[in-house]
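One letter stands for each residue in the lines below.
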Protein chains: 4
Amino acid sequence: MTGHPTSGSALPDRTAPGGVIPPLCTPLTEDRELDTASLERLCGFLLDAGVDGLFVNGSTGELAYHTDEVRLAALRVVSRVAGGSVPVLAGAVDLTTNRVVAQARAAREAGADAVVATVPFYSPTHPGEMADHFRAVREAVDLPLWAYDIPGNVQRKLPAQVAAELAAEGVLAGLKDSSGDLDEMRTLLALTEANGARGRGFTVLTGSETMADTALALGADGIVPGLGNIDPHGYLALHRAVRRGDTKEAAAEQLRLRRLFALTRVGDPARLGTYSAAIGAFKEALRHRGLIASATTPLPMRPLDDAERAEVARHLAQAGLGPV
Amino acid sequence: MTGHPTSGSALPDRTAPGGVIPPLCTPLTEDRELDTASLERLCGFLLDAGVDGLFVNGSTGELAYHTDEVRLAALRVVSRVAGGSVPVLAGAVDLTTNRVVAQARAAREAGADAVVATVPFYSPTHPGEMADHFRAVREAVDLPLWAYDIPGNVQRKLPAQVAAELAAEGVLAGLKDSSGDLDEMRTLLALTEANGARGRGFTVLTGSETMADTALALGADGIVPGLGNIDPHGYLALHRAVRRGDTKEAAAEQLRLRRLFALTRVGDPARLGTYSAAIGAFKEALRHRGLIASATTPLPMRPLDDAERAEVARHLAQAGLGPV
Amino acid sequence: MTGHPTSGSALPDRTAPGGVIPPLCTPLTEDRELDTASLERLCGFLLDAGVDGLFVNGSTGELAYHTDEVRLAALRVVSRVAGGSVPVLAGAVDLTTNRVVAQARAAREAGADAVVATVPFYSPTHPGEMADHFRAVREAVDLPLWAYDIPGNVQRKLPAQVAAELAAEGVLAGLKDSSGDLDEMRTLLALTEANGARGRGFTVLTGSETMADTALALGADGIVPGLGNIDPHGYLALHRAVRRGDTKEAAAEQLRLRRLFALTRVGDPARLGTYSAAIGAFKEALRHRGLIASATTPLPMRPLDDAERAEVARHLAQAGLGPV
Amino acid sequence: MTGHPTSGSALPDRTAPGGVIPPLCTPLTEDRELDTASLERLCGFLLDAGVDGLFVNGSTGELAYHTDEVRLAALRVVSRVAGGSVPVLAGAVDLTTNRVVAQARAAREAGADAVVATVPFYSPTHPGEMADHFRAVREAVDLPLWAYDIPGNVQRKLPAQVAAELAAEGVLAGLKDSSGDLDEMRTLLALTEANGARGRGFTVLTGSETMADTALALGADGIVPGLGNIDPHGYLALHRAVRRGDTKEAAAEQLRLRRLFALTRVGDPARLGTYSAAIGAFKEALRHRGLIASATTPLPMRPLDDAERAEVARHLAQAGLGPV
C-alpha cells in the first residue's frame, strides 16, 4: 500500500489476510495491569496453532476498557511476538474522525500492519458523513484501513452500498463484519465483486463464532472469532473443511464450536452485563487451559462466581479441551 | 469537597451550581483549529449576561469530535476567562472507567471545577456495574463528579435508583439529565430528597432547551441549554420567572425559545445527520450574532447550505435576536 | 357532530370531555368470562366519585386480550350504566384502516360516544399514510374520532404535526397521549392553538398516572389514568387543585399517587411480563377494595403470587385506601 | 394430527410441507374489493409451476389490512383452487390468545390445513407467557399450529428454546422464520433435532427471499418467499439445486433472485412506507406479468407512481420475466 488510497493497486498479501484471525483477549494481572507474559504465551499458542493473523484491541480485547497506554502496550507485545510472520490488525476505535486518526497514528507507530475503525458513534451520523469519516482517516494515516461494522456496539450499521463505494475508491482495504447480518454481507460481496474492489484485494472477515462456516461459504475471506483464542484448532479445522468443499465436516465442527460458545452465557444476568459474562468466560477458559495467569477483567466488569467458573470448565471438558 | 466521597459533607457552592449553565459551543477556525478568540468572546458574552456556570466539552461542545488536546485547550480557555467567577464543569466522556479516569484527571489539571461523566458505553453494562464505574472514577479523581445521563447518545439510562444511591454515598455531586425523561427525573428528585442527598447539596440540572420551565418547576436546580449559547438572556429570564413563581411568564418565554429552537431542524435529513444539522445551526446563529468568527464544524459533519443558513437567520429575526 | 368532518363546526361538549376519565379495567370471573356485575359496580363507584367520562377498551382494559364479543359486551354495560351522564369513549384498536373501521362501527352500535384509534401497526407506515388512515376511519364512521398515541405498544408515534393537521381538518376530535412525551404534547397544543383547532374544541388527554399534574399544567384538558380505577378521588383532587392554580397541592397529591403507582412493579420480571404485572396489580387492588370479585386476568397473562398480592395490599394501606 | 397435541404422533405429510410455499398476494379490484378471479389465476399459476403449498393471509398477503371477511374469503378461494393437491397454511394473526383462537377457528372452517400464529403483540409478553399462548391456541383449535416468528412486525422474537419446547410437546407443528436470524434458526434446528421433534415431523420454513439457499443448506425444510408469487420457477429451481447438493447452481439462482428483489426498493421513502413500497411492487410485477388485473393496495397504503412502476418493469425485464 503506497499511501495513495485511490490508486487501486493490489493490496499486499500481508495486510489483506484471509483465514483465521483471532481477536486477542487482553490478559490482566490480578491488580488489573497488562499481563505481558500471559499475552506473549497466548500469542505464541495461536501462532503455533497456525493462525493467519492477529487482531489486537477488538471488542474481545476489551478495547472499550483500556487506556491508550494499555492498548498500545498490548499492540507492541503482539507485534513483537508476531514478528512479521502474520499480519497484525489493530483496532483504532474512538468516537469520531479526529480521535480515530489519533488512535490510528499511534497504532501505526506501535507496529500495526492495518487499522480497524468503526463508523462514528455517540452522535448520529448520516451515511454520507460515514463515508467522509473513513476517507479522512485513510488520508491521514498511511496504513491499510478496515471498517469495523459492529452496530450492536456503535448503534449504526455501515450500509453495504457505502462500504462498497469506499472499497472501490481504495479507502477501505477490508471490512470486519460483526453485525451478524449475513444478508447484507452477501450484498457487500456482490457489490465489491461488481465494482472490481474484490479483484483488487478487498477483503471481508466475519466476527461470528457461530456462523463462521456459513459466512465462509457465502464468500467471506476469513473469520475473527473471539472463541478462537480458546480453540484455534477448531476454527482452523473448520476453515480448512470449508476451503476443501467439505460442507458436512465444516458444519460438524461448527456445531461443536456452537456448543462450546454456550460458555459465554454462564453468567447470571441479574448480576452481570452480557459483556462481562462473555469476556469473563473467555478469560476463565484461557486460564483453565493454562494460557493466561488470571481471568481478571477490567473495571467496572464484575467477575464470574465459583459456580459460573465451574460451568466454564464443564463446557471445556465437553468440547475436549484441557490444559495446553 | 475533601476527596472523601463518602463523608457526606456539604458540597461547596461553587461546584453545585444551579441556575443557567450553558454547554459551550466549541468555535473552530475555517481550517478546523480551535478558535480561541471566538471562544473567549462567547464566554465573555455569556458571563456578561449573568450565567451561573459554564459547561465545557458537553455534547453541544462536540465532545465526540475533538481530540484530547482540543478538549483540554478549550477547557483551559474557559477556565481562564471564568477566572473563578462561576464554576466550570467539564465533560470527561469516554468509553469506560479507565478512560474516563484519564479524561477526568486531565480535566482537573486544566482547571475544571467538576467533571461530568456518562455511564460506560460501547459494551452493555449492568446497573450494578454502572454504580461501580462512578465509584471508581470518583475515587480516582479528587473533584466533584456529575453523572451525565444521555441515553440517546450512550444507549443506556442511568436508573434513578442507582443515581440516588450514588448521591447518598457522596459519589455523585449532581446529575445532568439529557434524557428528556421528566418522569424519571422526578423520581430521582424524590429519592434524593428522601435519602438526604438533596439536603447535602445533590444537584439536578436538565439539558432540555424546550422543557426547561417544566423541569425547574418540578424541582430541577438548573438548566444546561445548548440554545443558551445563542440566547442566554432568554433562559435567564425564564429561570428568574420560575424562581419568583410566575409560571405564566416562564411559559411565555419558554414558548418563544421553543420556536427559536426550530432552527435546529433547518437541515435537510437527506444530506445531514441530525447532529450536524443542530450543531451547524447553533454555530451559524452564533456567527450571525457576531459571537464567533466561523460556523465551521469538525469532520465528518457536513455544513448547512445557503438556504439552510438563511432559515437560521429568519429564526433569529423572529426571535428578535440580532448581532450583539 | 354532523358527520362532515371537514366542516370545522364546534364539537359538542359531550364528546370533548376534559377532567378525569378513567380507562376502565375489565373484570373477569374466575373462568375468564366478562364479570358484568363487577363492571357495573366499578362504573358506579367511579361515577359516584364524580369522574368526567369513561374510557372502555383501552390498554388498561386489556383491549389486546379480548375478543370482539367481550369488547362489545363491556362497552354495552358501561354505556348503560353511564346512561348519558358522562361521555363514554371506546377503544377501536386494530391493525389497520379496514379493521379499525369495523371496530369503530361496532362500538358505535354498542353505545360509544366517541372512538379512540391508534396509528396502523404490524406493518411500518409513512406519516402521510397515518393521516390517510384517520381520514378514512373518520369518513366511514359517524362518531367523534380520537387518536390514541401509544408508541410503546404500536411502535410508531403520531407526529404532532400530523395530528395538528388532522385536528384542523376536523378529522380528529382529540388525542389521548400515552406516549409519555410531554415535549411533543406541548408542540401539539401549540400547533392546534395556532391553527384554530383548540378553539373549536380539539381536546388533549394524557394517559400518564405519574405526570398528570404536569400534563394538566402544560395545557392538557384531562387525564386518563389507569390508577384512577383504584383511586379516582385522588385524581379528582389533583385535577381540582391544578384547576384552581394550587400547584403545590397538586404536586403533593401527585406524589402520593406516584408512590401508590409503585404497586404496578410488584411482579417478578423473571416470571411475569410487565403488562401482566401492572394489570394484575390493578385488578388485585380493585378486588382488595371490594370493587370487583376476582383479580383474574385473560390468557396468557400469568397471575401475581401471594407475596406480590400482599405487596399490593401494603401499597393500598400506605395510600390510605381500604375496602369501599 | 389428532387433536391431542401432546401425543407426539407423527404429523401427516400434508400439514408438514417442505419445499416452496409462496405467501400469496391478495389481489384487489380497483375499488379495493377482493379480486377473486385474479386470486384464482395467481393460485393456478403457482400450482402449475409446481409449488409445494400455499400460505394465505401472511404479511405479503396484507394480513394487517384486511377485515376478517376478506381474510376468510381469500382463504376459501385458495382452499378451493388447491383442492387438496397441496396443503394450505393460513395466517391466524391477531393481538393475543383469545383473538387468535377466534381467527384460527374461522380459518379452520374456511378450509385451512394448518394455521400460523405470532406471539402476542401490542402488550409486552414474557417468554413463558408466549409458550402458554401457543398451548392455549393449540388446545382450542384442532389443526396443526405453526409459529410465525416475525419480530420486525410484532416486536418480540420467539426464543428458540421456547419454540423447541413447544415442538417437543407437540404444540407446534412447525415454525415460519421471518426473523432473518439464521443463527437462531440454526439453534432451533439443533434443539429440535436433539429433543426428537424433528424426527416426528417438526418443520422449519424461512420467509427470506434473499437467503433462501443458505437457510435450506442450514437445514430448513422449505421457503416461503413473497417474491415467489412473481417468480415461482426461480425458487423451485433454487430449491431443487440445494436438494441435489449443487450449491453453486443454487447460489447463482439466488443471486438472480436477490437482484430481482431490488424491485421492493423502488418506492420513494419520502412518500411511501417501506411496506407500501414492497407490496406495491409485488402487485405491480404480478399485474405486469398478467397474473392479476390491478396493482391496487388497501388503505392506507399509497400506490407507486409511474416512474416507480417503470422501475419494476425494468427489474422484471432484467430477470427475464415477461407476461405469462
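Residues numbered from 1 in each chain as written. Chains lettered and ligands numbered in written order. Predicted model: local features only at pLDDT ≥ 70, side-chain atom pairs only at ≥ 80, totals over all residues. Heavy atoms only, no water.

Asker: Is there a simple way to think about the relation of the copies chain B and chain C in this case?
Answerer: Comparison of the two chain copies shows a relationship of rotation about an axis with a shift along it. You can overlay chain B on chain C at an RMSD of 0.0 Å; the transform is a turn of 180 degrees with a shift of 0.0 Å along its axis. Given the turn and translation reported, the copies of this chain are related as if by a two-fold rotation axis. (Least-squares fit on C-alpha atoms with pLDDT ≥ 70 in both.)

Asker: Sorry if this is basic, but what is going on with the arrangement of the chains here?
Answerer: What separates chain A from chain C at the closest point of their C-alpha atoms is a distance of 10 Å, and the two make no contact. There is a gap between chain B and chain D: no contact, and a shortest C-alpha distance of 10 Å. (Contact = heavy atoms within 4.5 Å.)

Asker: Sorry if this is basic, but what is going on with the interface of chain B and chain C here?
Answerer: How big an interface is tends to be stated in terms of accessible area lost as the parts join. Between chain B and chain C, the residue contacts involve 14 residues of the former and 14 residues of the latter. In total, about 1,000 Å² of surface goes out of reach between chain B and chain C, with carbon and sulfur atoms giving 45% of it. Inspection of the region where chain B meets chain C yields four salt bridges. Asp183 of chain C is the partner of Arg258 of chain B in a salt bridge, and the nearest nitrogen-oxygen pair spans 2.9 Å. For the pair chain B and chain C, the number of links is ten residue pairs in polar contact (both at pLDDT 80 or more). (Buried area = accessible area lost by both parts, 1.4 Å probe. Salt bridge = Lys/Arg side-chain N within 4 Å of Asp/Glu carboxyl O. Polar contact = N/O pair within 3.5 Å; in protein donor to acceptor, adjacent residues only side chain to side chain.)

Asker: Please clarify how the packing of helix H9 (residues 232–243) of chain A against helix H10 (residues 247–261) of chain A should be interpreted in this entry.
Answerer: The relative placement of two packed helices is expressed as an angle between their axes plus a distance between the axes. All names here are of chain A. With their axes 8 Å apart at the nearest point, H9 and H10 run at an angle of 155 degrees to one another. Between H9 and H10, the angle is such that the two are roughly antiparallel. Where H9 crosses over H10, the two elements pack in a sense that is left-handed. Only Glu249, Ala250, Glu253, Gln254, Arg256 and Leu257 of H10 make contact with H9, whose side of the interface consists of Gly234, Tyr235, Ala237, Leu238, Ala241 and Val242. Here the residues of the contact of H9 with H10 sort into seven nonpolar, two polar and three charged. (Axes fitted to C-alpha atoms, helices over the stretch in contact; angles between N-to-C directions. Helix = DSSP H or I, 4+ residues; strand = E, 2+ residues; numbered from the N terminus. Parallel < 35°, antiparallel > 145°, perpendicular 65-115°, else oblique. Left-handed = near helix turned anticlockwise from the far one by under 90°. Nonpolar A, V, L, I, M, F, W, Y, C, P; charged D, E, K, R; others polar.)

Asker: I would appreciate a short explanation of the interface of chain B and chain A in the present structure.
Answerer: With 45 residues of chain B at the contact, the number on the chain A side is 45 residues. At the boundary of chain B with chain A, total buried surface from both sides reaches about 3,700 Å², with 53% on carbon and sulfur atoms. At the boundary of chain B with chain A, the tally comes to six salt bridges. Seen at the junction of chain B and chain A, the total is 22 residue pairs in polar contact (both at pLDDT 80 or more). Among the elements of the structure, helix H2 (68–82), helix H3 (97–109), helix H4 (127–140), helix H5 (151–154) and helix H11 (274–288) of chain B are those that each provide at least two residues to the side of chain B that touches chain A. Looking at the side of chain B that touches chain A residue by residue, the classes come out as 21 nonpolar, 16 polar and eight charged.

Asker: Help me understand the relation of the copies chain B and chain A in this model?
Answerer: For the match of chain B to chain A, the screw axis carries a shift of 0.0 Å, the RMSD comes to 0.0 Å, and the turn is 180 degrees. When you check the interface residues of chain B against chain A, 100% turn up at the interface there too, and the contact is symmetric in its surfaces.

Asker: Quick question: what am I supposed to make of the state of the cysteines here?
Answerer: Note on terminology: disulfide describes a covalent bond linking the sulfur atoms of two cysteines. All names here are of chain A. Evaluation of the coordinates by the stated rule reveals zero disulfides over all chains. Free cysteine Cys43: the closest other cysteine sulfur is in Cys25, separated by 11 Å. Residue Cys43 is classed as buried on the basis of its relative accessible area of 0%. (Disulfide = S-S within 2.5 Å. Buried < 20%, exposed > 50% of the residue type's maximum accessible area, 1.4 Å probe, protein only.)

Asker: What exactly am I supposed to notice about the confidence of the model for chain A here?
Answerer: When pLDDT is low, close inspection of the predicted coordinates is not appropriate. In this model, chain A carries an average pLDDT of 94, and 95% of its residues clear a pLDDT of 70 or more. Note on residues 1–14 of chain A: pLDDT is under 50 here. Beyond four places in sequence and across chains, it has 24 contacts. (pLDDT = per-residue confidence, 0-100.)

Asker: Would you mind showing me how to read helix H4 (residues 127–140) of chain A here?
Answerer: Along an α-helix, residues three or four apart share an orientation, since each turn contains 3.6 residues. Compared with an ideal rise of 1.5 Å per residue, which puts 14 residues at 20 Å, H4 of chain A spans 20 Å between its outermost C-alpha atoms and is within 8% of the ideal. Restricting attention to buried positions, one finds in H4 of chain A the residues Gly128, Glu129, Met130, Ala131, His133, Phe134, Ala136, Val137 and Arg138 of chain A. Buried residues along H4 of chain A sit against helix H3 (97–109), strand S4 (114–117), strand S5 (145–149) and helix H6 (160–169) of chain A together with H11 of chain B. (Expected span 1.5 Å × (residues − 1).)

Asker: What should I look at first to understand the sheet that holds strand S3 (residues 88–91) of chain D in this one?
Answerer: Within a beta sheet, neighbouring strands are joined by backbone hydrogen bonds and run either parallel or antiparallel to one another. Residues and elements named next belong to chain D. Taken in spatial order, the eight strands line up as S1-S8-S7-S6-S5-S4-S3-S2 in an open sheet, and their pairing is parallel. The open sheet is flanked by strand S1 (19–20) and strand S2 (54–56), the only strands paired with a single partner. Sheet topology places strand S5 (residues 145–149) next to strand S6 (residues 174–177); four bridges connect them, and they run parallel. Within S6, the position partnered with Trp146 by the bridge is Gly174. (Pairing = 2+ DSSP bridges.)

Asker: What am I meant to see in the pairing of S4 of chain A here?
Answerer: Taken residue by residue, a regular strand's side chains alternate between the two faces of the sheet. All names here are of chain A. With burial as the criterion, each face of S4 is covered, one bearing Ala114 and Val116 and the other bearing Val115 and Ala117. Relative to S4, strand S3 (residues 88–91) runs parallel, the two sharing three bridges. Across the sheet, the residue bridging to Ala90 is Val115, located in S4. In terms of handedness, the path from S3 via H3 over to S4 forms a crossover that is right-handed. The sheet contact formed by S4 and S5 spans three bridges and is parallel. If you follow Ala117 over to S5, its bridge partner there is Ala147. (Right-handed = clockwise from strand over helix to strand, strands pointing away.)

Asker: I'm lost on unusual backbone geometry in this one. Help?
Answerer: Of all residues except glycine, most have a negative phi; of all peptide bonds, most are trans. Looking along the chain, the bond that leaves Leu299 of chain B and enters Pro300 of chain B is cis, with omega of 0 degrees. In this fold, Pro300 of chain B is placed in the loop between H11 and helix H12 (306–318). For Glu62 of chain C, which is not a glycine, the phi torsion comes out positive at approximately 60 degrees. Of note, Glu62 of chain C is situated in the loop between strand S2 (54–56) and helix H2 (68–82). We note that Gln155 of chain C has phi near 75 degrees; this positive angle belongs to a residue other than glycine.

Asker: What is the right way to read the packing of aromatic side chains from this model?
Answerer: Describing an aromatic ring pair means giving the distance of the ring centres and the angle of the ring planes. The final tally for this structure, using the stated rule, is 14 aromatic pairs over all chains. Aromatic pair Phe121 of chain A and Tyr122 of chain B: ring centres 5.8 Å apart, planes at 50 degrees, arrangement tilted. Here Phe121 of chain A is found in the loop between S4 and H4, whereas its partner Tyr122 of chain B is found in the loop between strand S4 (114–117) and H4 on a different chain. The burial state of Phe121 of chain A is the same as that of Tyr122 of chain B; both residues are buried. Between the aromatic rings of Tyr65 of chain B and Tyr275 of chain B, the centroid separation amounts to 6.0 Å while the plane-to-plane angle is 10 degrees, which identifies the pairing as stacked. (Phe/Tyr/Trp six-rings, centres within 6.5 Å; stacked < 30°, edge-to-face > 60°.)

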